[in-house]
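Structural features, examined
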2 protein chains.
Amino acid sequence: MTTEGARHLTELDEHECWRRLGDGGVGRLAWSGAQGPTVVPVNYRVDGREVQIRTAAYSSLARETEDSLVAFEADRIDEATHTGWSVLVRGRMTFDYAAPASEGPHPWPEGARRLRMAITPTSVTGRQVG
Amino acid sequence: MTTEGARHLTELDEHECWRRLGDGGVGRLAWSGAQGPTVVPVNYRVDGREVQIRTAAYSSLARETEDSLVAFEADRIDEATHTGWSVLVRGRMTFDYAAPASEGPHPWPEGARRLRMAITPTSVTGRQVG
């Protein structure tokens, strides 16, 4: 590639990663399942140093991730200016069937999503381009 | 969750998935590496029925994905209206060290990225909310 339009890649420290994750929003969850790696968008909520998501107890996401290593990614990317940042949270997924739905997070698709899952991070890293 | 503001979840057929992926843009690549699942944003290009990305030959992405199963995800999500779509491409990653950089895709960060990788899909699925 040429250097024209190329952007610096810088690391974000953990504090800055949590700041960018904020209270929650939309990210992507990746795990290794029966069909190999899978990655899907999820609504997430940050509580302390946990990333929480919510799903139906019978989903493949639920079947395949309990007590497993997973990766969560969130980013903001500007395709016009070729700049953006991303945060990667790796850790083990734990399930809480008893967490009240009112606590969130609140997935957009309709249907009951009684299972709240939480990632206890083993590493939190981030990068910024631009 | 309440049904207030809830949205229908519908499947996209394969033709529609490729249409949404378009010629390329920004997606996320997930794989299983030494530290468990990982997911990072990537610039991608669609060529025929391949999803191509480009990276440095010495990156962890390159070290950990050759001839391995990977997952590629692209989406468009509107956090204001709680609608959006996502496409998931699963398949095996192959490397092409000889592909001219001019053919793209063109990563935004500066630095040589001589390795072009391509996912030959084994499944292409998509979902839409809203």
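From a predicted model like this one, the values you see are computed outputs, not experimental measurements.

1. Topic: the overall build of chain A
Summing up its helical and strand segments, chain A has two helices and seven strands in all. Its helices and strands taken in sequence order, chain A reads β-α-β-β-β-α-β-β-β from the N to the C terminus. In terms of principal-axis extent, the alpha carbons of chain A reach across some 50 × 30 × 30 Å. Within chain A, buried positions represent 50% of all 130 residues. Restricting the contact set of chain A to residue pairs at least 6 apart, pairs at least 24 apart contribute 66%. Counting every atom, chain A has about 6200 Å² of accessible surface; 48% of that belongs to carbon and sulfur.

2. With respect to the relation of the copies chain A and chain B
When chain A is brought onto chain B, the operation consists of a screw motion whose angular component is 180° and whose axial shift is 0.0 Å, with 0.0 Å RMSD remaining. Such a turn and shift between the copies fits a two-fold axis.

3. Examining the environment of A118 of chain B
Residue and element names in this part refer to chain B. Structurally, the position occupied by A118 is in strand β7 (residues 115–129). For A118, a relative accessible area of 8% puts it in the buried group. Each C-alpha atom of the pair A118 and H82 lies 32 Å from the other, and the pair is 36 residues apart in sequence.

4. Considerations on the pairing of strand β2 (residues 24–33) of chain A
Residues and elements named next belong to chain A. Burial analysis of β2 places seven of its 10 residues in the buried class, the great majority of the element. Pairing between β2 and strand β3 (residues 36–47): 10 bridges, direction antiparallel. Looking across to β3, one finds that R28 is bridged to P41. In this antiparallel pair of consecutive strands, β2 and β3, the connection spans two residues.

5. A few points about helix α1 (residues 14–21) of chain B
Taken together, the buried positions of α1 of chain B are E16, C17, W18 and L21 of chain B. A positive backbone phi angle near 65° is found at G22 of chain B, which sits one or two residues after α1 of chain B.

6. Things to note about the packing of aromatic side chains
Residue and element names in this part refer to chain A. In total, this model carries four aromatic pairs over all chains according to the counting rule given. Taken together, a centroid distance of 4.8 Å and an interplanar angle of 65° make the contact between Y44 and F72 edge-to-face. Of the two residues, Y44 is situated in strand β3 and F72 in strand β5 (residues 69–78); the sequence distance between them amounts to 28 residues. Arranged with centres 6.1 Å apart and planes meeting at 70°, the rings of F95 and Y97 form a pair that is edge-to-face. With relative accessibility at 53%, the residue Y97 sits in the exposed group.

7. What about the interface of chain A and chain B?
Counting residues at the interface gives 41 residues for chain A, matched by 41 residues for chain B. Inspection of the chain A/chain B interface yields six salt bridges. The salt bridge partner of R28 of chain A is D75 of chain B, with a shortest N-O separation of 2.9 Å. Between the two partners, chain A and chain B, sit seven residue pairs in polar contact (both at pLDDT 80 or more). Elements represented by at least two residues in the side of chain A that touches chain B include exactly β2, β3, β5 and β6 (83–96) of chain A. Classifying every residue of the side of chain A that touches chain B by side-chain character gives 20 nonpolar, 11 polar and 10 charged.

8. With respect to unusual backbone geometry
Glycine aside, a negative phi is what most residues show, and trans is what most peptide bonds show. In this structure, D67 of chain B takes a positive phi of about 60° despite not being glycine. Among the structural elements, D67 of chain B can be located in the loop between α2 (60–65) and β5 (69–78).

9. What to know about the pattern of salt bridges
All names here are of chain A. Applying the stated rule across the entire model yields 18 salt bridges over all chains. For the salt bridge of E16 with R19, the shortest nitrogen-to-oxygen distance reads 2.8 Å. Within this pair, E16 and its partner R19 are both found in helix α1 (residues 14–21), separated by three residues, close to a single helical turn. A relative accessible area of 17% places E16 in the buried class. Between R116 and E103 there is a salt bridge, and its shortest N-O distance comes to 2.6 Å. Of this pair, R116 sits in strand β7 (residues 115–129) while E103 sits in the loop between β6 and β7, and the two are 13 residues apart along the sequence.

Reading the values: the criteria
Residues numbered from 1 in each chain as written. Chains lettered and ligands numbered in written order. Predicted model: local features only at pLDDT ≥ 70, side-chain atom pairs only at ≥ 80, totals over all residues. Heavy atoms only, no water. Helix = DSSP H or I, 4+ residues; strand = E, 2+ residues; numbered from the N terminus. Buried < 20%, exposed > 50% of the residue type's maximum accessible area, 1.4 Å probe, protein only. Contact = heavy atoms within 4.5 Å. Areas by Shrake-Rupley, 256 points an atom, 1.4 Å probe, with all protein chains shown as cover. Least-squares fit on C-alpha atoms with pLDDT ≥ 70 in both. Pairing = 2+ DSSP bridges. Phe/Tyr/Trp six-rings, centres within 6.5 Å; stacked < 30°, edge-to-face > 60°. Salt bridge = Lys/Arg side-chain N within 4 Å of Asp/Glu carboxyl O. Polar contact = N/O pair within 3.5 Å; in protein donor to acceptor, adjacent residues only side chain to side chain. Nonpolar A, V, L, I, M, F, W, Y, C, P; charged D, E, K, R; others polar.

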